[in-house]
Each structure stands twice: as C-alpha cells, then as structure tokens.
Amino acid sequence: MPTQASPPDYDDFWVGFWYFRLPELFSTCVAFSLVADMGFGRGDIGNWSMSIWCFCFTMTLIIVMVELWRLPSRFPFYWYNFPVTYACYAALVCLSTSIIYSITYVQFLLYGPSRDRAITATAFSCIASVVYALDVAWVWDWYDLDDISCYVHTLPGLLKVLETFVACVIFAFLSNTSLYLHQPALEWCVAVYSICFILAAVVLLLNLGEWEYRLPVPFPVFQLVLTTLSVLLYISALVLWPLYQFYEELGGQPQRSSDGDCRDELTYNMCKWDQRLAVAVLTAINLLVYVADLVYWAHQVSVGTED
C-alpha cells in the first residue's frame, strides 16, 4: 500500500486559501463572536458551541500557517493525513453543533436580538460545515491522494471517527453538570465517556502519525485490548446511567412529566429529562459502534494467529 503522497504544488495554496480556508476562518469566527456577545444568557450549550467553533478556528489557522510556511516536510509523520482527517471531523462537528444548538437552545429563545444572534451563529456554523466538507475534496486533490489509503477511509478508521464523534455529542449534553454531580455512579459514567474518548483519540493519533508499528506489541492486539476495555466500560455506563437517572428508588425520574423543567413552557433550554434520555440513547449507540470495532479486531487477531 502506498504511504507517500505526491508533493503538493504550492502555487495552488492560495486557491485553497481563498475558496476554503478563509471562509472556514471567517464562518467559525463569526459564529463564536455572535454567541460570545450574548454574555451569560448563552447557557451551557452556548458555551460548548463556542468552544467547538473556537477550536475549529484555531486548528484551521494552524494548518494555514504550516502550509503557508511550507513546513509539512518537517513533521515526523505524513502531513497529508492531518488536514484530511481534521476537515472530516470539523465538517461533522460543525454540523452537529448547528443541530444541537438549534434544537436545545435557539428554539426556546424569545424573539429579539439574542435570538437573531443565535440564528445567525447557527447559519454560519452550517456554512462552515459545508466548506469543511468541500475542503476534504480539495486537500485530497492537492496532495494527489487518489491511490493512497487514508486511515479515516478504512473500516477501523471510520469506527474510530464515529466513536469519538458520538462521544463529543455526549459531552455537549454533559455540559449541564447538574445532570451528574449529585451522584458518584453518574460521575463514573462521565469518567467512562472521557476515558474511552481518550483511548480512541490515542489510536487515531498513532495511525495518523503511522507510529502503530513502533509499539512493543502487535497493533491488532493493542487495538483488541483497548476496544475490549472500552466495551466493558460502556456496558457499565449503559447500566448505571439509566438506572440512576430514570429509576425512582435511586433518585431518578421515570417520567418526563415528573421533571419541572419539562412542564415549564417558558424554559429557554432543553429540559434535563430530555438531556438525560439523549445521553442514554447516545451511550447505547456508541456501545454498538465499539462492539463492531471489537468484532473487527478479534477477527484480525484470530486471522493473524492462524497465519
């Protein structure tokens, strides 16, 4: 399998900058600034959305600086993997942020300047997601990657992207700390989401840097162990989170009507019961993704053992 991209033509750098990178910087900066201008009224979801847009702006700016100064060859890994993977993530994250911010916050705002700012920020976030998606195609063509297998375009790479992406969406709902700080079992669930996210991110970084074969153990075995651990942790979260959130004897609220926030027609945020349910559903979805990942690596290890 080829592992080296063709050297990019830096005469085309400004084409990508004016058509993709500059709109990305502008869109994320405007979205961040509009929500930041709302002050304390932006809520927990607003703070989470701001952090996403700020992160995307910062990473895009770093990529622009690296490519402008022609520094990719100085990195100890193939640089082309990074902008392609980042653009894929940024497109997904900006799109999900637009949807979550609209559903959980914007629709509850009263008509006025704050609502107008929030709607405009959502629109610019959608624009950013589209431009990032187009950026993937441009980077692919600029580095001439047609005959090169990128990790994020393989089955295990796609599964890792899904695992980390769903975890990021879970973190959006967990920005409301009142959902879990009152109960150690729920704090354990938050720790599970964080630990599994870090493990998946480490695997992604190892593959993007093409350092997976420098490990003291075969990489499929390493993946199998980490995925097995993540599956076990997610199973514990899938049991504990619904148990302590919806079981009345453990302090949970089995029905939506029992949550005062959900009965309040003047609320400006997604009510806590809906947020609890969203985390429970996303936990089950991510567990299924991890199980698929586990099956894949168990098969790879068994085939390797037979060989």
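Residues numbered from 1 in each chain as written. Predicted model: local features only at pLDDT ≥ 70, side-chain atom pairs only at ≥ 80, totals over all residues. Heavy atoms only, no water.

- For the protein chain, an unreviewed UniProt entry supplies the name MARVEL domain-containing protein and the organism Muntiacus muntjak.
- Looking at the protein chain in UniProt, the text filed under Subcellular location (unreviewed entry) is "Membrane".
- The record held by UniProt for the protein chain lists under Sequence similarities (unreviewed entry) the comment "Belongs to the MAL family." (UniProt positions renumbered as here; feature names shortened; annotations may be inferred.)

## Quick word on the nonpolar core
Moving on, step 1. One finds Tyr-101, Tyr-132, Ile-170, Leu-174, Tyr-193, Tyr-234 and Trp-241 to be the most contacted residues of the largest nonpolar core, which totals 59 residues.
Moving on, step 2. Of all elements in the fold, only helix H1 (13–36), helix H2 (43–68), helix H3 (81–104), helix H4 (113–142), helix H5 (155–173), helix H6 (184–208), helix H7 (219–246) and helix H9 (272–306) reach the threshold of two or more residues within this core.
Moving on, step 3. Here the element with the most residues in this core is H2; it accounts for eight residues.
Moving on, step 4. Of the residues that make up this core, three or more belong to each of domain 1 (8–147) and domain 2 (154–306).
Moving on, step 5. Core analysis: the second largest hydrophobic core is formed by ten residues, Tyr-89, Leu-206, Phe-219 and Trp-297 among them. (Core = buried A, V, L, I, M, F, W, Y, C linked by side-chain atoms within 4.5 Å. Buried < 20%, exposed > 50% of the residue type's maximum accessible area, 1.4 Å probe, protein only. Helix = DSSP H or I, 4+ residues; strand = E, 2+ residues; numbered from the N terminus. Domains from an automatic or database assignment.)

## Quick look at the pattern of salt bridges
Two side chains of opposite charge can pair, provided their charged atoms sit close to one another.
Moving on, step 1. In total, this model carries four salt bridges according to the counting rule given.
Moving on, step 2. As a salt-bridge pair, Arg-117 and Asp-37 come within 3.0 Å of each other at their nearest N and O atoms. Linking Arg-117 in helix H4 with Asp-37 in the loop between H1 and H2, this pair joins segments that are 80 residues apart in sequence.
Moving on, step 3. In this structure, Lys-160 and Asp-293 form a salt bridge, with 2.4 Å as the shortest nitrogen-oxygen distance. Linking Lys-160 in helix H5 with Asp-293 in helix H9, this pair joins segments that are 133 residues apart in sequence. When sorted by exposure, Lys-160 lands in the same class as Asp-293, which is buried. (Salt bridge = Lys/Arg side-chain N within 4 Å of Asp/Glu carboxyl O.)

## With respect to a nonpolar patch on the surface
Moving on, step 1. Taken together, Trp-14, Val-15, Trp-18, Tyr-19, Leu-22, Leu-68 and Trp-69 make up a surface patch of nonpolar side chains, about 780 Å² in accessible area.
Moving on, step 2. Here the element with the most residues in the nonpolar patch is H1; it accounts for five residues.
Moving on, step 3. Looking at where Leu-22 falls in the secondary structure, it is placed in helix H1.
Moving on, step 4. A relative accessible area of 33% places Leu-22 in the partly exposed class. (Patch = residues over 30% accessible without salt bridge, like charges linked within 9 Å, V, L, I, M, F, W, Y side chains within 5 Å. Areas by Shrake-Rupley, 256 points an atom, 1.4 Å probe, with all protein chains shown as cover.)

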